[in-house]
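# Summary of structural features
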Amino acid sequence: MTWVGMLIALAGALGYALGAALQQYEVVAEGASLSLVRRPRWWVGGVISFTGACLHAVALSFAPLVAVQPISVATLVFAVPLAAFMYGRRPYRAEIIGSIAVAVGLLWLMLLVPAHDVTPRLGDGAALAFIAVIGAVTLATQLFAGRVHGANKALLLSVGAGVMTASVSTFVRVVGGGMQGDWGRLIHWFSLVVPVLLICAVVLLQRSYAVGYFGIAYAGVQVIDPITSVLAGAILLGEPLPTSPSTAVPALLAAALTIGGTITLGRLAPDHTAKPAAAPPPAEQAVTPPPVDASAAPRPSTATSDLG
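The structure contained in this document is the topic of the report that follows. (Residues numbered from 1 in each chain as written. Predicted model: local features only at pLDDT ≥ 70, side-chain atom pairs only at ≥ 80, totals over all residues. Heavy atoms only, no water.)

Turning to helix 5 (residues 93-112), a few remarks are in order. The end-to-end C-alpha distance of helix 5, which contains 20 residues, comes to 29 Å, matching closely the 28 Å that a straight helix rising 1.5 Å per residue would cover. Turning to helix 5, its buried residues number three or more, namely Glu95, Gly98, Ser99, Ala101, Val102, Ala103, Gly105, Leu106, Leu109, Met110 and Leu112. (Helix = DSSP H or I, 4+ residues; strand = E, 2+ residues; numbered from the N terminus. Expected span 1.5 Å × (residues − 1). Buried < 20%, exposed > 50% of the residue type's maximum accessible area, 1.4 Å probe, protein only.)

Rendered as structure tokens:
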């Protein structure tokens, strides 16, 4: 049944990419504000993205992670061209090359992480400390993003969205993996944290989209999310990291490929949906009267009278 899971994962990846492209198009036009709730296409993008995420979860029940995760990472290759088509243009060559580089590099890094079968356990103190760290990183990215512009702003905002999304994945892993068939374990404050963090992640993601650099914003989330999740799993949940010397060189090459692709995407011009402002009307010119020829001017007549 592995092939069934892979087909479901592919459908989910395409759906998630399409939903992200639709939402980014609306956010650039409207801005990351509550007015988005009046944009039907933004809602459609959200529903499609949520459906894609659900299909990804379903795919994991048919196929192993090593088969599903590569397809999930490939969403970047789908999303960037879809976003270009939304603006009525063909994807730039740099967009294609950068997207493939990030996807391949990130996939390579994920494949270097050793397989593990550890029941996740997370104490209340560690969970609160984790939330505090995520909040501090997010706040720092928001503050620094307010001082820069362009691709750097989109990248910083996507870092905040990525770490917040990773926190959602971490708590979902703890809640879901720790159930072990006991539904009563869902009654925990961890279950209440997940939707709160998810809402924060959605808001941060929309802010990164609003800058207009979809490639760098989407790539930033796709890179930061899994890396943060792996680090959280290793530090908090006791999951293994690649420590073999034989993986050091491949990890460096994969990281270099990912960074190079991200830089390539960051150099692209932003997309905009708003029409350019109309040119201001030309200033009225003062009307200068034509010069008067003194020789042609009529001379005053002299009246003569006989006084005699």
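Don't stop here, the text continues.
Moving on, we get to the side chain of Glu26. Here Glu26 lies in helix 1 (residues 2-30). Polar contacts involving the side chain of Glu26 include one to the side chain of Arg41, which spans 2.7 Å. The residues contacting Glu26, other than those within four sequence positions of it, are Gly31, Leu36, Arg39, Arg41 and Trp42. (Polar contact = N/O pair within 3.5 Å; in protein donor to acceptor, adjacent residues only side chain to side chain. Contact = heavy atoms within 4.5 Å.)

What follows concerns a nonpolar patch on the surface. Taken together, the side chains of Ile96, Ile100, Val104, Trp108, Val249, Leu253 and Leu257 make up a nonpolar region of the molecular surface, amounting to roughly 570 Å² of accessible area. Contributing elements (two or more residues each) for the nonpolar patch: helix 5 and helix 10 (248-266). The element best represented in the nonpolar patch is helix 5, accounting for four residues. With respect to the helices and strands, the residue Ile100 is situated in helix 5. For Ile100, a relative accessible area of 40% translates into the label partly exposed. (Patch = residues over 30% accessible without salt bridge, like charges linked within 9 Å, V, L, I, M, F, W, Y side chains within 5 Å. Areas by Shrake-Rupley, 256 points an atom, 1.4 Å probe, with all protein chains shown as cover. Salt bridge = Lys/Arg side-chain N within 4 Å of Asp/Glu carboxyl O.)

Moving on: the nonpolar core. Formed by 47 residues in total, the largest nonpolar core has its most connected members in Leu122, Phe171, Phe190, Tyr209, Phe214 and Tyr218. Taken together, the elements giving at least two residues each to this core come down to helix 1, helix 4 (75-86), helix 6 (124-145), helix 7 (150-177), helix 8 (189-210) and helix 9 (214-236). If one sorts the elements of this core by residue count, helix 7 sits on top with 10 residues. Among residues more than four places away in sequence, those in contact with Tyr218 are Tyr16, Ala17, Ala20, Thr75, Leu76, Ala79 and Tyr209. In terms of nonpolar packing, the next biggest core, distinct from the first, is built from six residues, Val73, Leu106, Leu109 and Ala254 among them. (Core = buried A, V, L, I, M, F, W, Y, C linked by side-chain atoms within 4.5 Å.)

With 22 residues, helix 8 ought to run about 32 Å at 1.5 Å a step, and its terminal C-alpha atoms sit 33 Å apart, in line with that. Buried within helix 8 we find Phe190, Val193, Val194, Leu197, Ala201, Leu204, Leu205, Gln206, Ser208 and Tyr209. In the stretch just after helix 8, Gly212 is the one whose phi turns positive, near 110 degrees.

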